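Observations on chain architecture
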Amino acid sequence: MKPMPMPPEISVVIPIYNEQDGLAALFARLYPALDALRATYEIVFVNDGSRDNSVAILAEQFRLRPDVTRVVLFNGNYGQHMAILAGFEAARGQIMVTLDADLQNPPEEIGNLVAKMREGYDYVGSIRRKRQDSAWRTIASKMMNRLRERITNIQITDQGNMLRAYGRNVIDLVNQCAEVNTFVPALAYTFARKPTEITVEHEERTAGESKYSLYSLIRLNFDLVTGFSLVPLQMFSMLGMTLSIGSGLLVLLLLIRRFLFGAEAEGLFTLFAIAFFLMGVILFGIGLLGEYVGRIFQQVRARPRYVVQAILEQVPDQPAEVFDHLEKRVVSR
């Protein structure tokens, strides 16, 4: 019986969703950048239910470089973070690097993250030197960064940047989690013993468009805040108590004025305004509570977070072509 091959030092996990126009450019820069590191590596592409020709392009790339390429195929679209978690499950490296497929993060920066990891850090985040995004995305991202830091105490300067490196110890803990909704960089940060950040370059998107709409970004930040802290609920409880006391004092004041000055209608619209304000606060609180209840609802159903249809990988002593027919398996972790 032949021994199993040694795991690579570096695993690069890349989620793919409708990226057919940019994959050739990604391959042309990614493989040479990793070859230049002179270290053992693997690249794990996770196809997140692409509806274009991405799967065929990934399969062809696997046949060209089966020794360092692995492809995880979902049976549907489960989202970027689920794709990354599936990549972590499949990857074998001691250093895990996540990278977007649109080349906004240059693959040449991977070497800088790996060098920092070799200094003894187990989590290396990245800060974009000069973002090539629209102004509203940049401003909104900075605002959410500040809000998240105050609420969760997770110190991530540039949370929207997916170019990050993680140690095997951190990834093993992440793989043990079974959260239905999560934010991978924040989750990994909570397990890191020695985190740090470095500054990296940022480029314009080579092809396609952002997969995150305004609604998706809002949902992502709701998941981040409600998934890592109870502070929003605690703040709302304090607000509710304050408003209750204020409302009681207002009612007392109106009763006193009623007995002293008699009935009056001049303050009617002011009362309407106060009532509408309080109703708005109540509805916001119900929505906030619903976020937490919704997370509990999704978790207790215990449905699979994603379904892996097939994995293209090279088995020792077998050619890459044999992987055209792979069994389906359900991953519920």
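Let's shift gears to the pairing of strand β4 (residues 95-98). Burial of β4 is two-sided: the residues I95 and V97 facing one way and the residues M96 and T98 facing the other way are all buried. Direction of pairing for strand β1 (residues 10-16) relative to β4: parallel, over a ladder of four bridges. Within the sheet, the bridge partner assigned to V12 lies in β4 and is V97. In this structure, β4 lies alongside strand β6 (residues 164-167), joined through four bridges in antiparallel fashion. Bridge pairing in β6 places I95 opposite G167.

With that settled, the discussion passes to the packing of aromatic side chains. Using the criterion set out here, one finds seven aromatic pairs in the structure. With a centroid separation of 5.6 Å and 75 degrees between ring planes, the pair formed by F27 and F45 is classed as edge-to-face. With F27 in helix α1 (residues 23-35) and F45 in strand β2 (residues 41-47), this residue pair connects regions lying 18 residues apart in the sequence. Just as F27 is buried, F45 falls in that class too. For the ring pair F74 and Y78, a centre distance of 5.4 Å and an interplane angle of 90 degrees mean the geometry is edge-to-face. One aromatic cluster in this structure is built from F88, Y123, Y166 and Y189.

Attention shifts here to the confidence of the model for the protein. Of the residues in the protein, 74% have a pLDDT of 70 or more, and the chain-wide mean is 80. Of the regions scoring below 50 in pLDDT, residues 322-333 engages in 31 contacts with residues more than four places distant in sequence or in other chains.

So, about the environment of D122. Position of D122 relative to the elements: it lies in the loop between α4 (110-117) and β5 (123-128). Separated by 69 residues in the primary sequence, D122 and F191 have C-alpha atoms spaced 9.3 Å apart. Residue contacts for D122: discarding those within four places in its chain leaves M117, A165, Y166, G167, N169, V170, A192, R193, K194 and P195. From its side chain, D122 meets the backbone nitrogen of R193 in a polar contact 2.8 Å long.

All right, on to the packing of α1 against helix α2 (residues 54-64) then. It is at 11 Å that the axes of α1 and α2 come closest, and there the two elements cross at 30 degrees. Classified by the angle their axes make, α1 and α2 are roughly parallel. At the point where α1 passes α2, the crossing takes the right-handed sense. Mapping the contact onto sequence places L23, F27 and Y31 in α1 and S54, I57, L58 and Q61 in α2. For the contact of α1 with α2, the per-class residue count stands at five nonpolar, two polar and no charged.

What counts and how
- Residues numbered from 1 in each chain as written.
- Predicted model: local features only at pLDDT ≥ 70, side-chain atom pairs only at ≥ 80, totals over all residues.
- Heavy atoms only, no water.
- Buried < 20%, exposed > 50% of the residue type's maximum accessible area, 1.4 Å probe, protein only.
- Helix = DSSP H or I, 4+ residues; strand = E, 2+ residues; numbered from the N terminus.
- Pairing = 2+ DSSP bridges.
- Phe/Tyr/Trp six-rings, centres within 6.5 Å; stacked < 30°, edge-to-face > 60°.
- pLDDT = per-residue confidence, 0-100.
- Contact = heavy atoms within 4.5 Å.
- Polar contact = N/O pair within 3.5 Å; in protein donor to acceptor, adjacent residues only side chain to side chain.
- Axes fitted to C-alpha atoms, helices over the stretch in contact; angles between N-to-C directions.
- Parallel < 35°, antiparallel > 145°, perpendicular 65-115°, else oblique.
- Left-handed = near helix turned anticlockwise from the far one by under 90°.
- Nonpolar A, V, L, I, M, F, W, Y, C, P; charged D, E, K, R; others polar.

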